Amino acid sequence: VYTTSLDKTSWTFADGQRYVSYYPYNSNSITSSADISFSLEGQTQEGNNSTAHLGEYDLMYAEAIFNVGEQIVFSFSHKCAVVNFRLQVPAGKEFTHFSISADACIPNTVTMNMSDGSVILNEGAEQFQVSLKNVKSDSDGILSIWAMIPSCDMTSSTMVVTAQTKDGTVYSSDVIPMKKY
């Protein structure tokens with residue numbers, strides 16, 4: 001894998017060389033030239049049914065070979081999964097916190113191998129959390145929470161989702177596992 005330089009007007013690529021790219025960039029996540037560590041902690045959903053917070057947690061990888069006279073094109077693949085939890089709760093309640101707990105550990109960080117884009121699930125926690133700001137259940141009592149989680153098979157895990165209101169009331173429910181998509 002080669003690096004490239006940026007001057008004030010253009011990128012310079014070496015002919016016939018393979019380049020890799022990932023998103024989102026974070027200089028603190030580079031652990032070596034071959035691996036990056038990426039955290040999925042700290043997600044905050046602001047507003048009902050909002051997905052605006054997911055972009056900064058959407059780990060992607062691409063690779064391309066540059067040939068002189070051709071454009072270099074990076075086609076990114078997603079390395080995590082977007083999940084929408086739709087919970088039945090009382091209508092019109094404002095929520096501040098959402099969590100998923102499981103009997104299996106839920107990874108909250110991953111390590112991506114920059115040579116091939118493979119992802120290793122790191123040790124995690126018993127809970128995966130999303131903070132909520134200005135999030136209310138709708139008039140039908142549906143609370144919609146969006147999260148970016150590691151792509152992993154949780155079909156054999158017993159999971160519980162918990163949502164906490166602004167006044168401290170906690171709603172909790174078991175999750176019926178589904179097959180991995």
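About the criteria used
Each chain has its residues counted from 1, running along the sequence as written. Totals for whole chains, interfaces and linings use all residues, but because this is a predicted model, local features are given only for residues with pLDDT of at least 70 and pairs of side-chain atoms are given and counted only at 80 or more. To get the side-chain values, take all heavy atoms of the structure and skip hydrogens and water. A run of H or I in DSSP counts as a helix once it spans at least four residues, and a run of E counts as a strand once it spans at least two, with each numbered from the N terminus. Only protein chains enter the area calculation, which uses a 1.4 Å probe; residues under 20% of their type maximum are buried, those over 50% are exposed, and those in between are partly exposed. Working rule for contacts: check all heavy atoms of both residues, and any pair within 4.5 Å makes them a contact. The Shrake-Rupley method, run with a 1.4 Å probe, gives the accessible areas here. Residue values count only the displayed protein chains as cover. When DSSP finds two or more bridges between two strands, those strands count as paired. Remark: nonpolar core denotes a set of buried residues (Ala, Val, Leu, Ile, Met, Phe, Trp, Tyr, Cys) joined through side-chain atoms within 4.5 Å. Interaxial angles span 0 to 180 degrees and are taken between N-to-C directions of axes, which are lines fitted to C-alpha atoms, for helices over the stretch in contact. What makes a salt bridge here is a side-chain nitrogen of Lys or Arg within 4 Å of a carboxyl oxygen of Asp or Glu, nothing more.

Asker: Could you give an account of the overall build of the protein chain, with specific residues and numbers?
Answerer: When its secondary structure is counted, the protein chain shows zero helices and 15 strands. Each of the 181 residues in the protein chain was classed as buried or not, and the buried ones make up 34%. In the protein chain, once contacts between residues fewer than 6 apart in sequence are set aside, the share between residues at least 24 apart is 67%. Element-wise, carbon and sulfur atoms account for 49% of the exposed surface of the protein chain, whose accessible area totals about 10,600 Å².

Asker: Explain the sheet that holds strand β6 (residues 60-65) to me, and be specific about the residues and the numbers.
Answerer: Pairing in this open sheet of three strands is antiparallel, and the strands run β3-β6-β7 from one edge to the other. Of all the strands in the sheet, the pair left with one neighbour each is β3 (18-23) and β7 (77-78). Sheet topology note: the β6/β7 ladder contains two bridges and is antiparallel. Directly across from tyrosine 61, in β7, lies its bridge partner serine 77.

Asker: Help me get a handle on the nonpolar core, residues and values and all.
Answerer: Core analysis: the biggest nonpolar cluster contains 34 residues, and Leu59, Phe98, Ile100, Phe128 and Leu143 have the highest contact counts within it. If you list the elements that add at least two residues to this core, you get β3, β4 (35-39), β8 (80-88), β9 (94-106), β10 (109-113), β12 (125-136), β13 (142-150) and β14 (159-165). Once residues within four sequence positions are removed from consideration, isoleucine 100 is found in contact with Phe85, Ile106, Glu126, Gln127, Phe128, Met159, Val160 and Val161.

Asker: With reference to specific residues and values, describe the environment of serine 37.
Answerer: Within the element layout of this structure, serine 37 appears in strand β4. A residue is classified by how much of its surface remains accessible, and serine 37, at 27% relative accessible area, is partly exposed. Separated by 83 residues in sequence, serine 37 and isoleucine 120 place their C-alpha atoms 9.4 Å apart.

Asker: How would you explain the sheet that holds strand β11 (residues 119-121) if you had to name every residue and give the values?
Answerer: The strand order across the open sheet formed by three strands is β4-β10-β11, and the pairing between neighbours is antiparallel. Where the open sheet ends on each side, the last strands, each with one partner, are β4 and β11. Averaged over all pairs of adjacent strands, the angle between strand axes in this sheet comes to 25°, irrespective of strand direction.

Asker: Tell me about unusual backbone geometry, and please be specific about residues and values.
Answerer: With glycine set apart, most residues show a phi of negative sign, and most peptide bonds adopt trans. The amide bond that connects tyrosine 23 to the next residue, proline 24, takes the cis arrangement and shows omega of -5°. Relative to the helices and strands, proline 24 resides in the loop between β3 and β4. Even without glycine at this site, asparagine 49 takes up a positive phi of about 55°. Along the polypeptide, asparagine 49 turns up in the loop between β5 (44-46) and β6. Even without glycine at this site, asparagine 134 takes up a positive phi of about 55°. Looking at the element boundaries, asparagine 134 is found in strand β12.

Asker: Give a description of the pattern of salt bridges that names residues and reports values.
Answerer: As enumerated under the stated definition, the model contains two salt bridges in all. Ionic pairing is found between arginine 18 and glutamate 63, a salt bridge with its closest N-O pair at 3.2 Å. Remark: glutamate 63 occurs in strand β6 and arginine 18 occurs in strand β3; sequence separation between them is 45 residues. Judged by relative accessible area, which is 22%, arginine 18 ranks as partly exposed.

Keep in mind these numbers describe shape, not what the thing actually does.
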